[in-house]
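Residue strings, one per chain:
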Amino acid sequence: MATNIIILTIATCLLLVSLSFGLTVVPTEQLLHIGVDGELSVELSDLDAASFDFGRLSLQAEPLAVLHPASAEDVARLVKAATGNCLSVSARGHGHSINGQAHAENGVVIEMSRSRSRSKTPILAGPRVLEKERYVDVWGGELWIEVLRETLKHGLAPKSWTDYLYLSVGGTLSNAGISGQTFNHGPQISNVYEVDVVTGKGQLLTCSEERNSELFYAVLGGLGQFGIITRARIAVELAPQRVRWIRVLYSNFSTFTKDQEFLISLHGNPASQRFDYVEGFVIVDEGLINNWRSSFFSPSNPVKITSVNSDGGVLYCLEITKNYHGHNVDAIDQEIEALLEKLHFIPNSVFTTDLPYVDFLDRVHKAELKLRSKGLWDVPHPWLNIFVPKSRIDDFDKGVFKGILGNNKTSGPILIYPMNKNKWDQRSSVVTPDEDVFYLVAFLRSALDTAEETRTLEYLTNQNRQILRFCDDAGIKAKQYLPHYTTQKEWMDHFGDKWDQFYRRKMEFDPQRILATGQVIFKPCT
Ligand code: FAD
C-alpha cells in the first residue's frame, strides 16, 4: 500500500513536471485540473492497463496518466493542454494492436472505450440510430459489438465488418476495417459519412466529404496521426436474419484463387446472384479442425479432411456466406446451388451450417471465450498482415505457404481473401497495392512458451521477417496492413507516392507531432 502511494506520487510529480516544460509553461495544476468532466487518472491499475496491448510483444510503455473522457470536449481540452508541451497523446480504442500502436510512453493515453469508463465519469451517450436516414452515430471508442446490438433493435446493421467485433470504431477506422464483406461494400472506412475529430491542435471539427474534407480523408486509415475520432456516422442497411455459412476445399492453389476472384467479380450483381461474404484460409496442418476463429460444425458433412489429398501438404478452404430473411429458404437454396455450380472445389467437400446473423458476425468471440478458458488468449501474438497484389499471389503461395512455412505447425489461422481496389477511396490515408485486385494474407499466430521450437515467439517473429524479406527479394510489391515499422525511411517506402501527402497532412493537423506516437512514424517534438 505504502509503495503504491509512493509510486503514485512519483507518477503525479513526473506528469506535473513534464507539463511544466516547453515554451509555454503550463501551470502544474493545469493538467490534473484542466477542467475535464471525466477523470484524469494516475492510478497504477490504469497506467498498467494502458501499457500493453493484444500483441504482448513490445516492452511495456507506461504513460504518465490516463484520461477517461466524458465528452469530445474533454478530449479537446486534454490535447490542447498537451500541445506545445511535447506531451504525447494516444487514443486507445480496445488495445487490440500488436506492436504498441496505442501507447503513449511518458504521455497521456485517452481510454476511449465506454466499457472502461469510471463510475465517477458521466456515461457517454450510446449509439443513436436514425432509421429513415439509414445511419448510426457512435462515440469513437464504441465497440462494434455494441453498434451491432443497438442497430439490430431497429432491424438495421452496418454493412462492412471486421471478423471480430470487440474492436473500437475509432481503432478500425484508423486502419481500414476489413472482412469478407469488403469485396462488395469496401472496407469500413468506405462506409462512413461523417466524423468528429479532435486534431493535434486541440480543435474539434466535424468532417465529411463536403466539410473539412482533407481532415476527413486524412483520419480514415490515418493510424491516429491527424486527430482523435470522437464520433462516426456509419452507414447501415436492413439486417438479415440468418446466414448460410459454407466452406469448400481445394488442393490446387490456382483453382482456389481463380474461384475467389470470380466470386468477388460479382460485386455489382443483385444480391441473389452473389455471395455476401468471401474469405478463405490456408491449411498447412490440421487447421480446419483447430481453427480458433470459429466453432464451425457442418451437420451435412462431418467428414474429416485427413481423407483429402493435398498439393504439397497444403489445402485451401474457401469460406462464403449468403444472408437471408427467415421465410425464403427455398429461394436461398437455389441461389446457392447456382453459384456453387460455377466453382471448382474438391467434390463432396461442401461443409454447410446455418445460424442467426448476429451469431455469424460474433463468431470469433465464441472462440475467444474458449481460448481464454484454456489460458491461451493472453499470450504473445506476433501477427503479420500483408496485402499481396493478385499478379504475384501464386509466387507467394510457392515461396511462403509451400516454402517458408514448410511442414511446421502454423500456430494459428492463416487467412487469405481478395478485395476489389475500386471499393477503396484513394483519398484516404491507407495504402494498398497498385492493382485492381489484391489479397489480404493474415498470419494470426499465437506464441507459446513451450519446448516446441516452432511455436516460440522468437521462431515466429523470425519467420515473419523471412516472409517480408521473401517479398522484397522476389519483387512482390506487397503492403503491410496494420503496418509496423521502426524507422521513418521504412514508413516512406510503405506510403510510396502517398508519403508527401501524409507528411503534409501531419504538418497541418498535428504540427507538434504529439498524436499516436506509438506508431513510431514521426519523431515526437522535444
Ligand atoms: P487500438 O489498438 O486501441 O488503436 C489502434 C490505433 O488507432 C492506435 O494508433 C490508436 O492510437 C489509434 N486510435 C484508436 N482509437 C482512435 C480514435 N478514436 N481516433 C483516432 N485514433 C484512434 N482488423 C481488421 O481490419 N479486420 C479484422 O477482421 C480484424 N480482426 C481482428 C481480430 C482480433 C482478435 C484482433 C486482436 C484484431 C483484429 N483486427 C482486425 C485488427 C484491428 O482492426 C486493429 O487492432 C485496430 O487497431 C482496432 O483495435 P482497437 O480498437 O483496439 O484499437
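Everything numeric in this text was worked out from a predicted model, so none of it was measured.

**A word on the overall build of the protein chain**
Next, step 1: Along the backbone of the protein chain there are 16 helices and 18 strands.
Next, step 2: Within the protein chain, the proportion of its 526 residues that are buried is 46%.
Next, step 3: When contacts within the protein chain are restricted to residue pairs at least 6 apart in sequence, those whose partners lie at least 24 apart make up 76%.

**Some details on the sheet that holds strand S18 (residues 479–480)**
Next, step 1: The eight strands are arranged S14-S11-S13-S12-S16-S17-S15-S18 in an open sheet whose pairing can be described as antiparallel. Of all strands in the sheet, those with a lone pairing partner are strand S14 (351–356) and S18, marking the two edges.
Next, step 2: The sheet contact formed by strand S12 (residues 277–283) and strand S13 (residues 315–324) spans seven bridges and is antiparallel. Residue pairing in the sheet places Val-282 in a bridge with Tyr-316 of S13.

**Focus on the site of the ligand**
Next, step 1: Close to the ligand lie 37 residues, the nearest being Gly-93, His-96, Gly-170, Gly-171 and Gly-224.
Next, step 2: Those elements that provide at least two residues to the shell around the ligand are strand S3 (89–92), helix H6 (169–173) and strand S10 (227–238).
Next, step 3: Counted by class, the shell around the ligand contains 13 nonpolar, 21 polar and three charged residues.

**A few points about the pairing of S3**
Next, step 1: In S3, alternate side chains face the same way, and those of Val-89 and Ala-91 on one face and Ser-90 and Arg-92 on the other are all buried.
Next, step 2: Both S3 and strand S4 (residues 108–111) contribute to a ladder of four bridges, which runs parallel. The residue of S4 that forms the bridge with Ser-90 is Val-109.

**A short note on the environment of His-484**
Next, step 1: By the secondary structure assignment, His-484 is in the loop between S18 and helix H15 (488–495).
Next, step 2: You can call His-484 buried: it has 21 C-beta atoms within 10 Å.
Next, step 3: Setting aside residues no more than four positions away along its own chain, His-484 makes contact with Ile-98 and Asn-99.

**Some details on the sheet that holds S3**
Next, step 1: Here four strands make up an open sheet; going across it, the order is S1-S2-S4-S3 and the pairing mixed. The open sheet has two free edges, formed respectively by strand S1 (39–41) and S3, since each of these has just one partner strand. For this sheet, the mean angle separating the axes of adjacent strands, direction not counted, is 25°.
Next, step 2: Here S1 runs beside strand S2 (residues 65–68); their pairing, made up of three bridges, is antiparallel. Considered in S2, the bridge of Leu-40 is made with Leu-67.
Next, step 3: The sheet contacts of helix H4 (residues 72–82) involve S2, S3 and S4, and relative to S4 the element is tilted by about 170°.

**A word on unusual backbone geometry**
Across residues other than glycine, the phi torsion is negative in most instances, and most of the peptide bonds are trans.
Next, step 1: Of note, the phi angle at Asn-212 is positive, near 45°, even though the residue is not glycine.
Next, step 2: Summarising the element assignment, Asn-212 is placed in the loop between strand S9 (204–208) and helix H8 (213–219).
Next, step 3: Despite not being glycine, Arg-513 has its phi angle at roughly 55°, a positive value.
Next, step 4: For Arg-513, the position within the fold is in the segment after helix H16 (499–509).
Next, step 5: Its 18 C-beta neighbours within 10 Å are what place Arg-513 among the partly exposed residues.

**Some thoughts on the environment of Lys-153**
Next, step 1: Here Lys-153 shows up in the loop between helix H5 (144–152) and strand S7 (156–158).
Next, step 2: With 24 residues separating them in the primary sequence, Lys-153 and Val-129 have C-alpha atoms 9.3 Å apart.

**Concerning the environment of Phe-54**
Next, step 1: Mapped onto the fold, Phe-54 is located in the loop between helix H3 (44–49) and S2.
Next, step 2: Since 17 C-beta atoms lie within 10 Å of it, Phe-54 is described here as partly exposed.
Next, step 3: Taking C-alpha positions, Phe-54 is 23 Å from Tyr-417, a pair spaced 363 residues apart along the chain.
Next, step 4: When near neighbours in sequence (up to four residues on either side) are disregarded, Phe-54 contacts Gly-95, His-96, Ser-97, Ile-98 and His-381.

**Focus: the domain arrangement of the protein chain**
Next, step 1: Examined at the domain level, the protein chain breaks down into domain 1 (2–117 + 509–519), domain 2 (128–238) and domain 3 (241–376).
Next, step 2: Taken residue by residue, the interface counts 25 residues in domain 1 and 27 residues in domain 2.
Next, step 3: Among the elements of the structure, H4 and S3 are those that each provide at least two residues to the side of domain 1 that touches domain 2.
Next, step 4: Here the side of domain 1 that touches domain 2 takes six residues from H4, the largest share from any one element.
Next, step 5: A per-class count over the side of domain 1 that touches domain 2 returns 12 nonpolar, nine polar and four charged.

**Notes on H16**
An α-helical turn contains 3.6 residues, so any two residues separated by three or four positions project in the same direction.
Next, step 1: Residues of H16 that are buried: Phe-502, Arg-505 and Phe-509. The buried side chains of H16 occupy one side of the element, clustering within an arc of 65° when seen end-on. Seen from the buried face of H16, the exposed residues on the opposite side, beyond 90 degrees, are Asp-500, Arg-504 and Met-507.
Next, step 2: Of the surrounding secondary structure, the elements contacted by the buried residues of H16 are strand S8 (192–199), H8, S10 and H15.

**Thoughts on the pairing of S13**
Next, step 1: Burial runs high along S13: 10 of the 10 residues are buried.
Next, step 2: The alternating pattern of S13 places Leu-315, Cys-317, Glu-319, Thr-321 and Asn-323 and Tyr-316, Leu-318, Ile-320, Lys-322 and Tyr-324 on opposite faces, both of which are buried.

**Description of the nonpolar core**
Next, step 1: Residues Leu-78, Val-89, Val-108, Ile-110 and Leu-440 are the most contacted members of the largest nonpolar core, which totals 127 residues.
Next, step 2: Per element, the largest residue contribution to this core is seven residues, and it comes from strand S17 (residues 437–443).
Next, step 3: What Leu-440 contacts, discounting residues up to four positions off in sequence, is Ile-178, Asn-385, Phe-387, Leu-415, Tyr-417, Met-419 and Tyr-481.

**Quick notes on the packing of helix H13 (residues 393–404) against helix H14 (residues 457–473)**
Next, step 1: Across the interface, H13 lies against H14 with an axial gap of 10 Å and an inter-helix angle of 155°. Judged on the interaxial angle alone, H14 and H13 are roughly antiparallel. Our pair here, H13 against H14, has a crossing hand that is right-handed. The residues of H14 that touch H13, namely those facing Gly-399, Val-400 and Ile-404, are Gln-463, Gln-466, Ile-467 and Phe-470.
Next, step 2: Looking at the contact of H13 with H14, its residues break down into four nonpolar, three polar and no charged.

Definitions and cut-offs
Residues numbered from 1 in each chain as written. Predicted model: local features only at pLDDT ≥ 70, side-chain atom pairs only at ≥ 80, totals over all residues. Helix = DSSP H or I, 4+ residues; strand = E, 2+ residues; numbered from the N terminus. Buried ≥ 20, exposed ≤ 12 C-beta atoms within 10 Å, placed from the backbone. Contact = placed C-beta atoms within 7 Å. Pairing = 2+ DSSP bridges. Near = placed C-beta within 6 Å. Nonpolar A, V, L, I, M, F, W, Y, C, P; charged D, E, K, R; others polar. Axes fitted to C-alpha atoms, helices over the stretch in contact; angles between N-to-C directions. Domains from an automatic or database assignment. Arc of directions from axis to C-beta. Core = buried A, V, L, I, M, F, W, Y, C linked by C-beta atoms within 7 Å. Parallel < 35°, antiparallel > 145°, perpendicular 65-115°, else oblique. Left-handed = near helix turned anticlockwise from the far one by under 90°.

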